[in-house]
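Breakdown of the fold
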Amino acid sequence: MKLPRLFFGTNLKMYQTASETAAFLGELAQLTADLREEPIIRFVIPSFPSLPAAGAVERNGIRLGAQNMHWENAGQYTGEVSPLMLRDLGCIDLVEIGHSERRQLFGETSQQCNQKVLSALANGFTALLCVGETAAEKYYSISDETLAIQLKVGLADVSPAEIAAGRVWIAYEPVWAIGVNGKPAPPAYVQERHQRLRLLLRELYPGQCCSVPLLYGGSVNSENASAYIGLEDVDGLFVGRAAWNAPAFDALLRQVYAVWKEKGGSGPC
Ligand SMILES: O=C[C@H](O)COP(=O)(O)O
C-alpha cells in the first residue's frame, strides 16, 4: 500500500515578522495555486506572533502549523502557549512537537513531547512529532536506539484510531544535519533510519503504519531534495532555509513532486 499524498512544508523557526510571513504565504499561495488539486499536502509553520496574520491570508489550501504548544489548556506557565489559545485562532491545522532545537536548546524531554502529542490530538490538531539523533549518538552507533526511544515515548498512549485518522506525522531530522552548521545526511543513511522507523511503527500499530507519513528534514535543498524524496521510505520533506522565500519553496516543491510521482507515491508499508 502507498501513502496517497506527498507532504512538503517549511518551519520558519524564529525568522520573519508577522507582515513578512503574511507576504510570504500570500505569494506562496498564488504560486502553488495550481497544485491545490494535486495529491500534495503543503504546510507552513510560522512563529506564534505571526499566526493571526498568516491565518488571515487566502492560503489556497496551504496548511498552517504552530512550532510548539504546552499540553495544558491554561495554567501558571509563563511564556507558554496553550492548545486553547491556538484553537481560538481558528486557523491552525498542525502542531510541531519536539523539534531538535526545542529538545537541545530548551531541554524538552520525550515525556513532555508525549504530553504535547496527546494534547494536540485531543484538541483536534495534527501532531508533527520530530525525532533525530545527535552527532554523538550517531558516533556511538546508537541512532536507532535514540529514534526508537523518541518515537515510542512520544507516541505512548496514542490510539490506533488516531493513527488511522492520519493525524500523526513523523519528521526525522538528524540534529547534526540541521541548520547553517548542518552536514547533509547521505541518502542511504536516511533510508536506513526511515525504514527502521517504519518497522517500529508497524510493530506499534499493526496494519496502521501506512497512515503515518515519514518526512525527512535537515539541510534539504535543490541539490539533494530529489535524492531524498526518491527514497522508498521518505513520504515528504520538511525544509528550513531552502524554502523561506516563496519562489524557492515553489520550485523545490515542483522538483520534489516530479520525483515523487516517478517513484509511484510513498510507502510501501
Ligand atoms: O525544521 C526544519 C529543519 O530544522 C531543517 O532546517 P534546515 O533545512 O535549515 O537545515
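Labelled according to an unreviewed UniProt entry, the protein chain appears under the name Triosephosphate isomerase, originating from Yanshouia hominis. Taken directly from UniProt, the Catalytic activity (unreviewed entry) text for the protein chain runs: "D-glyceraldehyde 3-phosphate = dihydroxyacetone phosphate". A UniProt comment under Subunit (unreviewed entry) is attached to the protein chain, and it reads "Homodimer."

Further remarks concern the state of the cysteines. In protein chemistry, a disulfide is the covalent bond that joins the sulfur atoms of two cysteines. What the rule picks out here adds up to zero disulfides. Between Cys-113, a cysteine without a disulfide, and Cys-130, which holds the nearest cysteine sulfur, the sulfur-to-sulfur distance is 8.6 Å. With a relative accessible area of 1%, Cys-113 lands in the buried category. Since its relative accessible area comes to 2%, Cys-130 is described here as buried.

What follows is about the nonpolar core. By size, the foremost hydrophobic cluster in this structure holds 72 residues, and its most contacted members are Leu-86, Leu-155, Ile-170, Tyr-216 and Leu-237. For this core, the element with the highest residue contribution is helix α11 (residues 246–262), accounting for eight residues. Beyond its immediate sequence surroundings of up to four residues, Leu-155 is in contact with Asn-114, Val-117, Leu-129, Val-168, Ile-170, Leu-201 and Tyr-205. Grouped together as the second largest cluster of nonpolar side chains are eleven residues, Ile-41, Ile-45, Trp-169 and Phe-238 included.

Right, let's get into the site of the ligand. In the vicinity of the ligand, the contacting residues are Asn-11, Lys-13, His-99, Glu-173, Ile-178, Gly-179, Gly-218, Ser-219, Val-220, Phe-238, Gly-240 and Arg-241. One nitrogen or oxygen atom from the side chain of Lys-13 is found 2.8 Å from an oxygen atom belonging to the ligand. At a separation of 2.8 Å, an oxygen atom of the ligand approaches a polar backbone atom of Gly-179. Relative to its unbound accessible surface of 300 Å², the ligand loses 99% to contact with the protein.

Here α11 contains 17 residues, and its C-alpha end-to-end distance of 24 Å stays within 8% of the 24 Å for a straight helix at 1.5 Å per residue. Turning to α11, its buried residues number three or more, namely Ala-246, Phe-249, Asp-250, Leu-252, Leu-253, Val-256, Tyr-257, Val-259 and Trp-260. Considering only its buried residues, α11 is in contact with β1 (6–11), α1 (18–31), β2 (40–45), α10 (225–229) and β8 (236–239). Two residues or fewer past α11, Gly-264 is found with a positive phi of approximately 85°.

One non-glycine residue with positive phi stands out, namely Gln-16, at about 75°. Of note, Gln-16 is situated in the loop between β1 and α1. Backbone geometry places Ser-141, a non-glycine residue, at a positive phi of 55°. Among the structural elements, Ser-141 can be located in the loop between α6 (135–139) and α7 (143–154).

Okay, a nonpolar patch on the surface next. A cluster of nonpolar residues, Tyr-139, Tyr-140 and Ile-142, forms a patch on the protein surface that exposes about 390 Å² of accessible area. Mapped onto the elements of the fold, Ile-142 is located in the loop between α6 and α7.

On a regular strand, each side chain points to the face opposite its neighbour's, so the side chains alternate between the two faces of the sheet. Along strand β4 (residues 94–97), one buried face is formed by Leu-94 and Glu-96 and the opposite face, lined by Val-95 and Ile-97, is buried too. Taken together, the two bridges between strand β3 (residues 63–66) and β4 define a ladder with parallel strand orientation. Paired with Gly-65 across the strands is Leu-94, a residue of β4. Following the chain from β3 across helix α3 (residues 83–89) to the adjacent parallel β4, one finds a crossover that is right-handed. Where β4 lies against strand β5 (residues 126–131), four bridges are found, and the strand directions are parallel. The partner of Glu-96 across the bridge, within β5, is Leu-128.

With burial as the criterion, each face of β8 is covered, one bearing Gly-236 and Phe-238 and the other bearing Leu-237 and Val-239. As paired elements, β1 and β8 share four bridges and run parallel to each other. Within β8, the residue paired with Phe-8 across the bridge is Leu-237. The sheet contact formed by strand β7 (residues 214–216) and β8 spans two bridges and is parallel. Bridged to Tyr-216 within β8 is Leu-237.

What follows covers the packing of aromatic side chains. Here the structure, examined in full by the defined rule, presents ten aromatic pairs. The interplanar angle of 55° and the centroid separation of 5.8 Å between the aromatic rings of Tyr-172 and Tyr-216 together place this pair among those described as tilted. Taken together, the positions of Tyr-172 in strand β6 (residues 168–172) and Tyr-216 in strand β7 put the pair 44 residues apart, joining distant regions of the chain. The class of Tyr-216 is buried, set by a relative accessible area of 0%. Through pairs of rings, three or more aromatic residues link up here, namely Phe-7, Phe-43, Trp-169 and Phe-238. For the cation-ring pair, Lys-138 lies above Trp-176, with the distance from its terminal atom to the ring centre recorded as 4.8 Å. When the ring centre of Tyr-189 is taken as origin, the NZ or CZ atom of Lys-138, which lies over that ring, is 5.3 Å away.

Here is what the cut-offs are and how they apply
- Residues numbered from 1 in each chain as written.
- Predicted model: local features only at pLDDT ≥ 70, side-chain atom pairs only at ≥ 80, totals over all residues.
- Heavy atoms only, no water.
- UniProt positions renumbered as here; feature names shortened; annotations may be inferred.
- Disulfide = S-S within 2.5 Å.
- Buried < 20%, exposed > 50% of the residue type's maximum accessible area, 1.4 Å probe, protein only.
- Core = buried A, V, L, I, M, F, W, Y, C linked by side-chain atoms within 4.5 Å.
- Helix = DSSP H or I, 4+ residues; strand = E, 2+ residues; numbered from the N terminus.
- Contact = heavy atoms within 4.5 Å.
- Near = heavy atom within 4 Å.
- Polar contact = N/O pair within 3.5 Å; in protein donor to acceptor, adjacent residues only side chain to side chain.
- Areas by Shrake-Rupley, 256 points an atom, 1.4 Å probe, with all protein chains shown as cover.
- Expected span 1.5 Å × (residues − 1).
- Patch = residues over 30% accessible without salt bridge, like charges linked within 9 Å, V, L, I, M, F, W, Y side chains within 5 Å.
- Salt bridge = Lys/Arg side-chain N within 4 Å of Asp/Glu carboxyl O.
- Pairing = 2+ DSSP bridges.
- Right-handed = clockwise from strand over helix to strand, strands pointing away.
- Phe/Tyr/Trp six-rings, centres within 6.5 Å; stacked < 30°, edge-to-face > 60°.
- Lys NZ or Arg CZ within 6 Å of the ring centre and 35° of its normal.

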